[in-house]
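Letter by letter, the chains look like this.
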Amino acid sequence: MAGPLAYLNGRFLPFAEAALPLHDAGFVSGATIVDNARTFHHKLFRWPDHLARFRRDCEACYVPLHATNEQLTAIAEELVTQNAKLLPAGGELQLVTFATPGPLGFYLGQSGNGPPTIGMATYPLPYSRYQSFFTKGVTLAIAGIQHSHYYDLVPPRVKHRSRLFWHVASRTLTDPQSELCWRVPGIPATDSSVVPVVLSGGAPGKGSGAGDTAIGSILVVMEDTVMGLVSGTVQESISAKVTFELCRDLGLRVNDDSPLDMGCLSRPVQPWEQKSLLPRISELLLVGTGFCIAGVRRFGGRDQFRDYTWPGPVFRRVQAAWSELVNVDIEKQFTAT
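In this text the structure is predicted, and so the values were computed from the model without any measurement.

### Focus on the overall build of the chain
In terms of regular secondary structure, the chain is built from 8 helices and 15 strands. For 337 residues, the compact-globule estimate of 2.2 N^0.38 gives 20 Å, and the C-alpha radius of gyration of the chain, at 21 Å, lies within 12% of that figure. The principal-axis extents of the C-alpha atoms in the chain amount to approximately 65 × 45 × 35 Å. Relative to its 337 residues, the chain shows a buried fraction of 51%.

Right, dumping it as structure tokens:
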């Protein structure tokens, strides 16, 4: 096999030959539901969870998905088996699964649309992309606001291909002319450890609301409790689900439905807030498919920031539990390359 394979609409073919027609709704309208899973020891991790989320999001967004779970699983496993042969020693894969409503007939003067598109592709897990997360800690940088609500037509929990506002978010951090940019003092925006955060905006007069990133979910550590944001206000994270399971096994408390105002965590605690929960928050975690779990060193924006304990004791405990679960030293996997 000269190069990796992909799967598109019923057949395996070389990755370089896999393409959508220009009149596919996934290209024309960005109407694409997507999932990103990863392997450990060349086996897909928590694939049933990924598949369930993918099917749920397709249904919620009226994207037909005719293939059964058994068929999708067989395709995914075959693709991983074949493409893993091309990896160097110690390499792993990320698997992208996507679905669209299919071609739009009116582009060709036809009255009908479809059939729906289904595809899968893999790429080598980019260890270098996340290496600094483990050597320097993550810096979260507020890049702006994207108003969203779990009653939106496309709610924040849905994982879809439109990444335009994330593209804008990453560029605002490096654009000195951008009025949207909320830079973190003392850390260049080009630093590989910097991750843009987009706030939901919240309700009028109710603070900045939830905050999310393009690569993972933010969790908050307050003493012996690990907290996540209210369900539906950010993209549903399978890595967060696994992390909460591990926390419970470790005897840590879990609150996976907390109405946190993420903007308050990006600035120093004010004198009038000393009796609030804010001073008791000592660590922030970032969890995501590619890197599993990382600790946050600094969170800021608009010329202010707050430093967090890094690497923190809760992070170390949960990271060790992650490594035991997947039988891989996660930190070493990213720092040994």
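### Quick word on the side chain of S217
Looking at where S217 falls in the secondary structure, it is placed in strand 10 (residues 217-222). What makes S217 buried here is its relative accessible area of 9%.

### Remarks on helix 4 (residues 127-135)
All buried positions along helix 4 are accounted for by Y127, Y130, S132, F133 and F134. Trailing helix 4 by a residue or two, G137 shows a phi angle of about 85 degrees, which is positive.

### Description of the pattern of salt bridges
A side chain with one charge can pair with a side chain of the opposite charge if their charged atoms come near. For the structure on display, the rule yields 13 salt bridges. Salt-bridge contacts for R280 lead to E223; the nearest nitrogen and oxygen are separated by 3.2 Å. One end of the pair, R280, is in the loop between strand 12 (253-258) and strand 13 (281-288); the other, E223, is in the loop between strand 10 and strand 11 (225-229), and 57 residues separate them in sequence. Judged by its relative accessible area of 36%, R280 falls in the partly exposed class. Taking relative accessible area as the criterion, E223 reaches 47% and is therefore assigned partly exposed.

### Notes on unusual backbone geometry
With an omega of 5 degrees, the peptide bond between G114 and P115 qualifies as cis. Along the chain, P115 turns up in the loop between strand 5 (93-100) and strand 6 (117-124). Residue P311 is bonded to the preceding W310 through a cis peptide linkage, with omega at -15 degrees. You can see P311 is positioned in the loop between strand 15 (304-307) and helix 7 (313-326). Of note, Y62 is a non-glycine position whose phi angle comes to about 60 degrees, a positive value. Mapping Y62 onto the fold places it in the loop between helix 2 (47-60) and helix 3 (69-84). With a phi close to 60 degrees, E223 is a non-glycine residue in the positive phi region.

### Thoughts on the packing of helix 6 (residues 238-249) against helix 7
The interhelical angle for the contact between helix 6 and helix 7, taken along N-to-C directions, is 105 degrees, at an axis separation of 10 Å. Here helix 6 lies roughly perpendicular to helix 7, going by the angle between them. For the pair helix 6 and helix 7, contact is made by S239, V242, T243, L246 and C247 and by V318, A321, W322 and L325, respectively. Of the residues in the contact of helix 6 with helix 7, the class split is 7 nonpolar, 2 polar and no charged.

### Some points on helix 6
Compared with an ideal rise of 1.5 Å per residue, which puts 12 residues at 16 Å, helix 6 spans 17 Å between its outermost C-alpha atoms and is within 8% of the ideal. The backbone nitrogen of S239 lies 3.3 Å from a side-chain oxygen of the residue at the head of helix 6, namely S237. Phi for G251, located one or two positions after helix 6, is positive at around 85 degrees.

### Some words on the packing of aromatic side chains
Using the criterion set out here, one finds 11 aromatic pairs in the structure. Plain terms: the ring middles of F40 and F45 are 5.4 Å apart, the flat faces sit at 85 degrees to each other, and that makes the pair edge-to-face. Here F106 and Y107 contribute two aromatic rings whose centre-to-centre distance is 5.0 Å and whose plane-to-plane angle is 55 degrees, an arrangement assigned as tilted. We classify F106 as exposed; its relative accessible area is 57%.

Basis of the calculations
- Position labels on residues start from 1 in each chain and follow its written sequence.
- Per-residue local features are limited, in this predicted model, to residues with pLDDT of at least 70; the limit for side-chain atom pairs, both in listing and counting, is 80 or more; totals at the level of whole chains, interfaces and linings are taken over all residues.
- Excluding hydrogens and water, the side-chain values take into account all heavy atoms of the structure.
- For the purposes of this entry, the term helix denotes a DSSP run of H or I that reaches at least four residues, the term strand denotes a run of E that reaches at least two, and both are numbered from the N terminus.
- The globule rule used here is 2.2 Å times the number of residues to the 0.38 power, and the radius of gyration it is set against is calculated over C-alpha atoms.
- The cut-offs for exposure are 20% and 50% of the maximum accessible area for each residue type, with area from a 1.4 Å probe on protein chains only; residues under the lower value are buried, those over the upper are exposed, and the others partly exposed.
- The term salt bridge refers to a side-chain nitrogen of Lys or Arg lying within 4 Å of a carboxyl oxygen of Asp or Glu.
- The convention used is that axes are lines fitted to C-alpha atoms, helices contributing only their stretch in contact, and that angles between N-to-C directions extend from 0 to 180 degrees.
- Note on terminology: angles under 35 degrees are roughly parallel, angles over 145 are roughly antiparallel, angles of 65 to 115 are roughly perpendicular, and the others are oblique.
- Any two residues whose heavy atoms approach within 4.5 Å are treated as being in contact.
- By the convention adopted, Pro, Cys, Tyr, Trp, Phe, Met, Ile, Leu, Val and Ala count as nonpolar, Lys, Arg, Asp and Glu as charged, and the other residues, Gly among them, as polar.
- In this scheme, a helix's expected span is set at 1.5 Å multiplied by one less than its residue total.
- Here a polar contact is taken to be a pair of N or O atoms separated by no more than 3.5 Å, where protein atoms must pair a possible hydrogen donor with a possible acceptor and residues adjacent in sequence count only if both atoms sit in side chains.
- Geometry of aromatic contacts follows a simple scheme: Phe, Tyr and Trp rings, the Trp one being its six-membered ring, pair when their centres are within 6.5 Å, and the pair is stacked under 30 degrees between planes, edge-to-face over 60, tilted otherwise.

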